[in-house]
Amino acid sequence: MEVSASCEGGHRDALSSYRSPYLSHQVHSRLASNDAHFAPPTLRPHRRCPVSGRGRALRLRDRLSERDLGMLRDLARLRLLTGSQLRRLHFTVGDLTTQARKARNAIRRLAELDLIVRLSRRVGGMRAGSEGYVIGLSGWGHAVLALDSTAEPRRRRRVIETKPAFQSHVLAVSELYVQLVEASRLGLAELIDFAGEPEAWRRFGGLGGHVIVLKPDAFIRLGIGEFEVLAFIEQDMDTESLPTIVRKCEVYIAHWRSGLEQRQLGAYPKVWWLVPSVHRANSIRRALKRLPGEAHALFEVCLTTEAVPYLTQPLPEGGAS
């Protein structure tokens with residue numbers, strides 16, 4: 001028993017003389033007082049605090065080049081792009097093989113960082129390879145871009161929820177943007193602005209004060225010589241009925257009559273219906289004849305494949321109306 005007491009006393013002496021840097025002054029005082037009822041706290045290994053969402057977004061952005069950020073911005077602007085469209089937008093140096101290789105590596109890296117989503121659908125089939133992937137911006141991609149934005153955060157459509165018909169429509173609008181960028185590089189026109197959905201939407205007051213939302217697929221501003229061309233784009237996929245087309249044109253007419261766009265821009269944008277076939281173009285032209293005669297000049301119809309040549313053609317004397 002004496003040996004045990006001696007050992008216990010030695011143990012207490014050791015505790016009272018040792019001052020751990022991890023224990024408070026009160027704990028050391030109670031240890032020194034030989035309080036038999038006091039048990040010192042168990043020291044646990046330090047656990048790292050989880051990184052906040054903003055913190056992770058900042059770390060991700062630090063790993064991105066300006067070209068990486070440009071790819072994310074285009075995906076935010078257009079919602080979906082194919083690998084081929086991203087290559088044409090951001091990898092223009094070198095031969096086609098070099099461009100494709102660099103684009104493939106960049107897309108793979110952004111996917112590994114969880115900034116983009118590659119959908120299972122491919123445009124052009126398996127032979128298209130990585131250029132055929134349909135790509136959208138992930139939640140973390142939006143978070144990285146939001147770091148420099150002052151706009152209120154809003155809910156965005158999840159890319160994985162979209163259907164093939166929706167993807168085809170969005171990719172057709174994306175292709176128009178890519179072709180306009182390529183035309184700008186050739187000096188055919190200056191692409192001043194291209195707003196996709198929903199940035200291109202317009203809200204205005206209708207009868208009775210209720211709010212009407214005009215929903216074009218895109219809004220475009222082009223500089224051609226000394227003039228600016230303003231255009232609302234309606235990408236038709238031959239899936240809507242002609243009465244639906246007419247009703248949408250009536251919304252454009254109501255917006256035109258409100259005068260809001262003219263006060264802001266100086267002129268009302270031409271509404272371009274881009275269609276997949278000559279038959280569809282003729283059908284829409286016949287349907288537009290039902291509209292008031294004063295509004296006929298607001299609308300144009302052309303094939304999707306001919307949109308860029310029409311939009312970038314030199315203006316006649318007098319410029320845009």
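This text follows the structure it describes.
Residues numbered from 1 in each chain as written. Predicted model: local features only at pLDDT ≥ 70, side-chain atom pairs only at ≥ 80, totals over all residues. Heavy atoms only, no water.

Looking at where Glu234 falls in the secondary structure, it is placed in strand 8 (residues 227-235). Beyond its immediate stretch of four places on either side in the chain, Glu234 contacts Lys215, Pro216, Asp217, Lys248, Tyr252, Val271, Trp272, Trp273 and Leu274. (Helix = DSSP H or I, 4+ residues; strand = E, 2+ residues; numbered from the N terminus. Contact = heavy atoms within 4.5 Å.)

Here the focus is empty space enclosed by the protein. Evaluated as defined, the whole model comprises two cavities of 30 Å³ or more. Forming the walls of the largest cavity are Arg77, Leu78, Arg79, His169, Val170, Val173, Gly196, Glu197 and Asp217. Taken together, the elements giving at least two residues each to the lining of the largest cavity come down to helix 4 (66-78) and helix 8 (164-185). Among the elements that line the lining of the largest cavity, the one with the most residues is helix 8, at three residues. A per-class count over the lining of the largest cavity returns three nonpolar, two polar and four charged. (1 Å grid on protein atoms, 1.4 Å probe; cavity = no way out; pocket = protein on both sides within 12 Å on 5 of 7 lines; lining within 4 Å. Points joined across faces, edges and corners; volume = space filled by probe spheres on them. Nonpolar A, V, L, I, M, F, W, Y, C, P; charged D, E, K, R; others polar.)

This part covers the packing of aromatic side chains. Evaluated as defined, the whole model comprises six aromatic pairs. Aromatic side chains Trp272 and Tyr310 sit 6.1 Å apart centroid to centroid with 40 degrees between the ring planes, which places their arrangement in the tilted category. Separated by 38 residues along the polypeptide, Trp272 in strand 9 (residues 270-275) and Tyr310 in helix 12 (residues 307-311) bring together distant segments of the chain. Here Tyr310 falls in the partly exposed class, since its relative accessible area comes to 36%. Every member of this aromatic cluster is reached through a ring pair, and the members are Phe219, Phe232, Tyr252, Tyr268 and Phe299. Against the face of Tyr133 rests Arg118, its NZ or CZ located 5.1 Å from the ring centre. Lying over the aromatic face of Trp201, Lys215 brings its terminal NZ or CZ to 4.7 Å of the ring centre. (Phe/Tyr/Trp six-rings, centres within 6.5 Å; stacked < 30°, edge-to-face > 60°. Buried < 20%, exposed > 50% of the residue type's maximum accessible area, 1.4 Å probe, protein only. Lys NZ or Arg CZ within 6 Å of the ring centre and 35° of its normal.)

Another point: the pattern of salt bridges. As a working rule, side chains carrying opposite charge can pair if their charged atoms are close by. Evaluation of the coordinates by the stated rule reveals 14 salt bridges. Of the charged contacts in the structure, one is a salt bridge between Arg61 and Asp148, with a shortest N-O distance of 2.7 Å. Taken together, the positions of Arg61 in helix 3 (residues 53-62) and Asp148 in the loop between helix 7 (139-146) and helix 8 put the pair 87 residues apart, joining distant regions of the chain. On the basis of relative accessibility, which here comes to 59%, the residue Asp148 falls in the exposed class. Linking Arg79 and Glu197 is a salt bridge whose minimum nitrogen-to-oxygen distance equals 3.1 Å. Taken as a pair, Arg79 in the loop between helix 4 and strand 1 (80-82) and Glu197 in the loop between strand 4 (190-195) and strand 5 (202-205) lie far apart in primary sequence, 118 residues in all. Overall, the relative accessible area of 25% leaves Arg79 in the partly exposed class. (Salt bridge = Lys/Arg side-chain N within 4 Å of Asp/Glu carboxyl O.)

Taking 1.5 Å of rise per residue, 22 residues should cover 32 Å, and helix 8 covers 31 Å from first to last C-alpha, within 8% of that figure. Backbone geometry just downstream of helix 8 places Gly187 in the positive-phi region, at approximately 85 degrees. (Expected span 1.5 Å × (residues − 1).)

Right, let's talk about helix 5 (residues 83-90) for a bit. With eight of its eight residues buried, helix 5 lies for the most part within the structure. Regarding helix 5, the residues found buried are Gly83, Ser84, Gln85, Leu86, Arg87, Arg88, Leu89 and His90. Contacts from the buried residues of helix 5 go to helix 4, strand 1, helix 6 (96-112), strand 3 (133-137) and helix 8.

Across the two faces of strand 5 the burial differs, with Arg202 and Phe204 buried and Arg203 and Gly205 not buried at all. The pairing of strand 5 with strand 6 (residues 211-214) spans four bridges and is classified as antiparallel. Counted as the bridge partner of Phe204 is Ile212 from strand 6. Here strand 5 hands over to strand 6 after five residues, with Gly208 in that stretch at a positive phi of 80 degrees. (Pairing = 2+ DSSP bridges.)

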